[in-house]
Amino acid sequence: MAGSKSKAPFRIGVLLSGRGSNFLAIAKSIREGRLSGVEIAIVLSNVADAPGISAARDLNLPTAVYVSKGRPRAEHDADLIGSLREHKIDLVCLAGYMRLLSPGFISAFPNRILNIHPSLLPAFPGLDAQQQAFDYGVKVAGCTVHFVDEHLDHGAIILQRAIPVLETDDAHSLADRILAEEHIAYSEAIARVASGDYEMRGRRYVKRQRFDTGN
Ligand code: GRF
């Protein structure tokens, strides 16, 4: 329509290896209008029979599988980079992607890769974070969405959601309740990045200050 300016959608590429519940939560937020102006341009998996990739097919989203097993990391990552570029993605979202990224991948998308981790970083990086937190005896647990840099579970934090650890919890119930928070957190984090309203100050990802000149 003449005169109407519609902004191009913000295109995300999702990388997953497993059940894909975070991916599905993002897809649901988009579908239900809670994550507006964002579209899933491609869903990639390194595992051929990952439930998340069949869920993406069921949603008629573009998908591709690049099996990583037995392949050199840099070679496999070059395929991913090619696919993500071909689909003109603005942001890469790791959603249970169980493989370390090569330095080449990280530098191909500077400050354009997000990850979700099921602990309040910097506590409990690495595998089985919920079990680590439970065994440590923390009273507050949660999840973190952060930018990916070359160190494990380390890049600048976009947002965190915290929950109390209950006396009645075991590691499984705690993980389930953290997962429910993850499903809220990831869409909120994508919305922040897509908005363009935030900037990095040191390690702090904060709202841009807008100066009104009054003119
Ligand atoms: C989530 O707990 C996420 O925090 C971690 O891997 C798990 C992926 O779960 N990085 P899903 O595949 O999104 O259900």
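If you're wondering where the values come from, they're calculated on a predicted model, not measured in any experiment.

### Re unusual backbone geometry
Of the consecutive residues Leu121 and Pro122, the connecting peptide bond is found in the cis state with omega at 15°. Locating Pro122 in the fold gives a position in the loop between β5 (113-117) and α5 (129-136). In this model, Asn60 sits at a positive phi of 60°, which is unusual for a non-glycine residue. Mapped onto the secondary structure, Asn60 falls in the loop between α2 (51-58) and β3 (63-65). Although it is not a glycine, Lys88 adopts a positive phi angle of roughly 50°. On the secondary structure map, Lys88 appears in the loop between α3 (73-86) and β4 (91-94).

### What about the pattern of salt bridges?
All chains considered together, the criterion is met by ten salt bridges. Here Glu75 ties to Arg71 by a salt bridge, and the two come within 3.2 Å at their closest N and O atoms. For Glu75, a relative accessible area of 41% translates into the label partly exposed. When its relative accessible area of 24% is taken as the criterion, Arg71 is described as partly exposed. Residue Arg71 pairs with Asp79 through a salt bridge whose shortest N-O separation is 2.8 Å. Of the residues examined, Asp79 reaches a relative accessible area of 28% and is grouped as partly exposed. Among the charged side chains, a network of salt bridges with common partners joins Lys28, Glu32 and Arg34.

### Describing helix α6 (residues 171-195)
The end-to-end C-alpha distance of α6 is 35 Å, a good match for the 36 Å that 25 residues give at a rise of 1.5 Å each. For α6, the capping residue at the N-terminal end is Asp170, with a side-chain oxygen 3.0 Å from the backbone nitrogen of His172. In the segment just after α6, Gly196 is the residue with positive phi, at about 75°.

### Some words on the packing of α5 against α6
When two helices pack together, their arrangement is given by the angle between their axes and by how far apart the axes lie. As a packed pair, α5 and α6 sit with axes 9 Å apart at the nearest point and diverge in direction by 125°. Taken together, the axes of α5 and α6 lie oblique to each other. Seen along the crossing, α5 lies across α6 with a hand that is right-handed. Contacts between α5 and α6 pair Gln130, Gln131 and Phe134 from the former with Ala171, Leu174, Ala175 and Ile178 from the latter.

### Things to note about the UniProt feature "domain: Formyl transferase N-terminal" (unreviewed entry) in the protein chain
Residues given the UniProt feature "domain: Formyl transferase N-terminal" (unreviewed entry) here are residues 11-190. Each end of residues 11-190 is marked by a C-alpha atom, and these two atoms are 11 Å apart; helix forms 37% of the span and strand 23%.

### Focus: the packing of aromatic side chains
Counted under the stated rule, the structure contains four aromatic pairs. Each ring, one from Tyr198 and one from Tyr205, has its centre 5.5 Å from the other, and the planes form 20°; the classification is stacked. Ring pairing ties together the aromatic residues Phe147, Tyr198 and Tyr205, which thus form one cluster.

### Details of the UniProt feature "site: Raises pKa of active site His" (unreviewed entry) in the protein chain
Following the UniProt record, the feature "site: Raises pKa of active site His" (unreviewed entry) maps to Asp153 here. Here Asp153 shows up in the loop between β6 (140-147) and β7 (157-164). A polar contact is formed between the side chain of Asp153 and the side chain of His117, at a distance of 3.4 Å.

So, how was this worked out
- Residues numbered from 1 in each chain as written.
- Predicted model: local features only at pLDDT ≥ 70, side-chain atom pairs only at ≥ 80, totals over all residues.
- Heavy atoms only, no water.
- Helix = DSSP H or I, 4+ residues; strand = E, 2+ residues; numbered from the N terminus.
- Salt bridge = Lys/Arg side-chain N within 4 Å of Asp/Glu carboxyl O.
- Buried < 20%, exposed > 50% of the residue type's maximum accessible area, 1.4 Å probe, protein only.
- Expected span 1.5 Å × (residues − 1).
- Polar contact = N/O pair within 3.5 Å; in protein donor to acceptor, adjacent residues only side chain to side chain.
- Axes fitted to C-alpha atoms, helices over the stretch in contact; angles between N-to-C directions.
- Parallel < 35°, antiparallel > 145°, perpendicular 65-115°, else oblique.
- Left-handed = near helix turned anticlockwise from the far one by under 90°.
- Contact = heavy atoms within 4.5 Å.
- UniProt positions renumbered as here; feature names shortened; annotations may be inferred.
- Phe/Tyr/Trp six-rings, centres within 6.5 Å; stacked < 30°, edge-to-face > 60°.

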